[in-house]
Protein chains: 2
Amino acid sequence: MKDAPAIILVRPQMGENIGAAARAMLNFGLTDLRIVAPRDGWPNRAAIDMSAGALEIIPEVKVFETLADAVKDLHFLFATTARPRDMVKPVYTPAAAIEKILANSPSLREGAGRGFTEPDHNASTLNPHPTLPLRGRDFRAGFVFGPERSGLENDDVARCHAILTMKTNPDFSSINIAASVMVICYEWLARQSDNIVSTPTNASFPAAHEKLEELLVRLEADLDKSGFFRAPDQKPTMVRNIRNLFTRTGMTDQEVRTFHGMLSSLTGKNKI
Amino acid sequence: MKDAPAIILVRPQMGENIGAAARAMLNFGLTDLRIVAPRDGWPNRAAIDMSAGALEIIPEVKVFETLADAVKDLHFLFATTARPRDMVKPVYTPAAAIEKILANSPSLREGAGRGFTEPDHNASTLNPHPTLPLRGRDFRAGFVFGPERSGLENDDVARCHAILTMKTNPDFSSINIAASVMVICYEWLARQSDNIVSTPTNASFPAAHEKLEELLVRLEADLDKSGFFRAPDQKPTMVRNIRNLFTRTGMTDQEVRTFHGMLSSLTGKNKI
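We now turn to the structure provided with this report. None of these values were measured; they are calculated from a predicted model.

**Focus on the sheet that holds strand 2 (residues 33-36) of chain B**
All names here are of chain B.
(1) Moving on: What the 7 strands build is an open sheet, ordered 3-2-1-6-4-7-5; its pairing is parallel. Of all strands in the sheet, those with a lone pairing partner are strand 3 (62-64) and strand 5 (91-92), marking the two edges.
(2) Moving on: Across 4 bridges, strand 1 (residues 6-10) lies against strand 6 (residues 141-145) in parallel orientation. Bridging from a neighbouring strand, I7 pairs with F143 of strand 6.
(3) Moving on: The sheet contacts of helix 9 (residues 177-190) involve strand 1, strand 6 and strand 7 (162-164), and relative to strand 6 the element is tilted by about 160 degrees.

Now the structure itself:
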């Protein structure tokens, strides 16, 4: 995805972490991995093994000598850091960072089907939305991660536009670098759609009310016959409670049929 | 944090993944790790090494033989699964799942400083907010993860109330188990801020899993006795379908009791 952010690992130590980061990236559709001065050189067998195939799919990983070289084409850099730094910079959560990127990526908004209309091609001079990048320019952001042991140096952080941090347990805040990459990538894809709680459509269509009603009437009759309602004055309440339970479930046709079968069986109608 | 969800790893294979999961949990303040039938036994040296100290800090990890044993005290279970399953269950994103848990955790809402006042201790009888769970009861949720290679079995999924899945790259969707745990734990802490929109639930407090399990075991036995399972080869599927129906409902303690009464009655045990 051309608007997807780049992940830049600065002086990473463990190949395993590079591989796990690559896997997490590809899981969520990110493919722009850049490595600055990896301790053990590149390519790295441990990284390839740990990537579960991602490093064979991702377009050639780019390796640079300095962070400056690695980020030349990017427009906005987030420095990931656990420790607070005495720097005057905006601080973003992963969620806020991704929202910022999406807000600057009109093509993603089009993709989301929110009715973003084709702009006039002269809009670059008229630009009615000065906060948006001009059409034809891709806003590219990057997330910069430091070495596992020490994190980013202050000079690296100073090169970035903002700080990215996440709320953690103050007594145990050292997050694995690949796990941090995972969170960024997860937010990248998760926030590109509405988080709808859905029910799967396969065979999940609820029964029409009359089917449920038939079942409940039959259940009540079976319960009556079997002596369930011993206190007649409490019967209406009990019936209502049972109804609440069954209507809440959203039973499917198949489940209604199964329940009829269960009742036949339990009341002895299956006995031969 | 007493309301924090439990993480349940079912038949995990690699100790390294257990350790990485434990580290991710503690990074975000989760400490209730439960392991069902780990392939390499427990304790596990690789897990301890990979946890970066987390397994020395987390209260004793609990090891169980079956998933049923592991979740007895939990009220709501999310089955994490990458593949779609033909089961009638609500599907949650990590974000939506965490919102559901927070909506059921009044103590967290108090913690958020919204001026939730100390309720009268007689509130259980007067309950001025019938949509809130009663004070003193902790709503405990669990996230259930399957083995690395195969994921959860259908019978494990059937035991859970809902499915949790995340949007991924369809061409590379296999997420490392510890990375999935990381996302859940990240969302858990990230969403506990003052700007959470709380959505009071209309459902009453759900029964602990062991109550539901008792009921389902008894139902299965009653159905067996009454000749319900006429085709033995179809029994596992039928049992799973019945389980799906009942777990989806979120039955209350009272409803479980009512159902026991209905079964006693239907099977003739009430006859005088």
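**Focus on the nonpolar core**
(1) Moving on: Of all hydrophobic cores here, the largest spans 95 residues; its most connected members are L33, F78 and F143 of chain A together with L33, F78 and F143 of chain B.
(2) Moving on: Take this core: its biggest share by element is 12 residues, from helix 9 (residues 177-190) of chain A.
(3) Moving on: Residue contacts for F143 of chain B: discarding those within four places in its chain leaves P5, A6, I7, I8, F78, A97, I98, I101, L164 and I184 of chain B.
(4) Moving on: Counting 36 residues, the second largest nonpolar core, distinct from the first, contains L216, F228, F229 and V256 of chain A.

**Digging into the sheet that holds strand 5 (residues 91-92) of chain A**
Residues and elements named next belong to chain A.
(1) Moving on: The 7 strands are arranged 3-2-1-6-4-7-5 in an open sheet whose pairing can be described as parallel. Looking at strand neighbours, the two that pair on one side only are strand 3 (62-64) and strand 5, the edges of this open sheet.
(2) Moving on: Where strand 1 (residues 6-10) meets strand 2 (residues 33-36), 4 bridges bridge the pair, whose relative direction is parallel. The residue bridging I7 from the neighbouring strand is L33, located in strand 2.
(3) Moving on: Its contacts with the sheet put helix 1 (residues 15-27) on strand 1 and strand 2, and the angle it makes with strand 2 is roughly 160 degrees.
(4) Moving on: Strands in contact with helix 9 are strand 1, strand 6 (141-145) and strand 7 (162-164); relative to strand 6, the strand with the most contacts, it is inclined by about 160 degrees.

**Concerning the pairing of strand 1 of chain B**
(1) Moving on: When you tally the buried positions in strand 1 of chain B, you get 5 out of 5 residues, the bulk of the element.
(2) Moving on: This β-α-β element, strand 1 of chain B to helix 1 (residues 15-27) of chain B to strand 2 of chain B, shows right-handed connectivity.

**Section: the interface of chain A and chain B**
(1) Moving on: Counting residues at the interface gives 67 residues for chain A and 67 residues for chain B.
(2) Moving on: Carbon and sulfur atoms supply 63% of the area that chain A and chain B bury against each other, a total of about 5300 Å² over both sides.
(3) Moving on: Linking chain A with chain B are 0 salt bridges, by the criterion used here.
(4) Moving on: Mapped onto the side of chain A that touches chain B, the elements with two or more residues apiece are helix 1, helix 3 (54-57), helix 5 (94-103), helix 9, helix 10 (209-225), helix 11 (235-249) and helix 12 (253-266) of chain A.
(5) Moving on: For the side of chain A that touches chain B, the element with the most residues is helix 12 of chain A, which contributes 8 residues.
(6) Moving on: Residue composition of the side of chain A that touches chain B, grouped by class: 30 nonpolar, 28 polar and 9 charged.

**Digging into the packing of helix 9 of chain A against helix 9 of chain B**
Packed helices, taken two at a time, are described by the angle between their axes plus the distance between the axes.
(1) Moving on: One way to put it is that helix 9 of chain A packs onto helix 9 of chain B with a least axis distance of 9 Å and a crossing angle of 70 degrees. Relative to helix 9 of chain B, helix 9 of chain A is oriented roughly perpendicular. Every pair of crossing elements has a handedness; the one defined by helix 9 of chain A and helix 9 of chain B is right-handed. Of helix 9 of chain B, the residues touching helix 9 of chain A (which contributes A179, S180, M182, V183, Y186 and E187 of chain A) are A179, S180, M182, V183, Y186 and E187 of chain B.
(2) Moving on: Across the contact of helix 9 of chain A with helix 9 of chain B, the residue classes tally to 8 nonpolar, 2 polar and 2 charged.

What counts, and at which threshold
Residues numbered from 1 in each chain as written. Chains lettered and ligands numbered in written order. Predicted model: local features only at pLDDT ≥ 70, side-chain atom pairs only at ≥ 80, totals over all residues. Heavy atoms only, no water. Pairing = 2+ DSSP bridges. Helix = DSSP H or I, 4+ residues; strand = E, 2+ residues; numbered from the N terminus. Contact = heavy atoms within 4.5 Å. Axes fitted to C-alpha atoms, helices over the stretch in contact; angles between N-to-C directions. Core = buried A, V, L, I, M, F, W, Y, C linked by side-chain atoms within 4.5 Å. Buried < 20%, exposed > 50% of the residue type's maximum accessible area, 1.4 Å probe, protein only. Right-handed = clockwise from strand over helix to strand, strands pointing away. Buried area = accessible area lost by both parts, 1.4 Å probe. Salt bridge = Lys/Arg side-chain N within 4 Å of Asp/Glu carboxyl O. Nonpolar A, V, L, I, M, F, W, Y, C, P; charged D, E, K, R; others polar. Parallel < 35°, antiparallel > 145°, perpendicular 65-115°, else oblique. Left-handed = near helix turned anticlockwise from the far one by under 90°.

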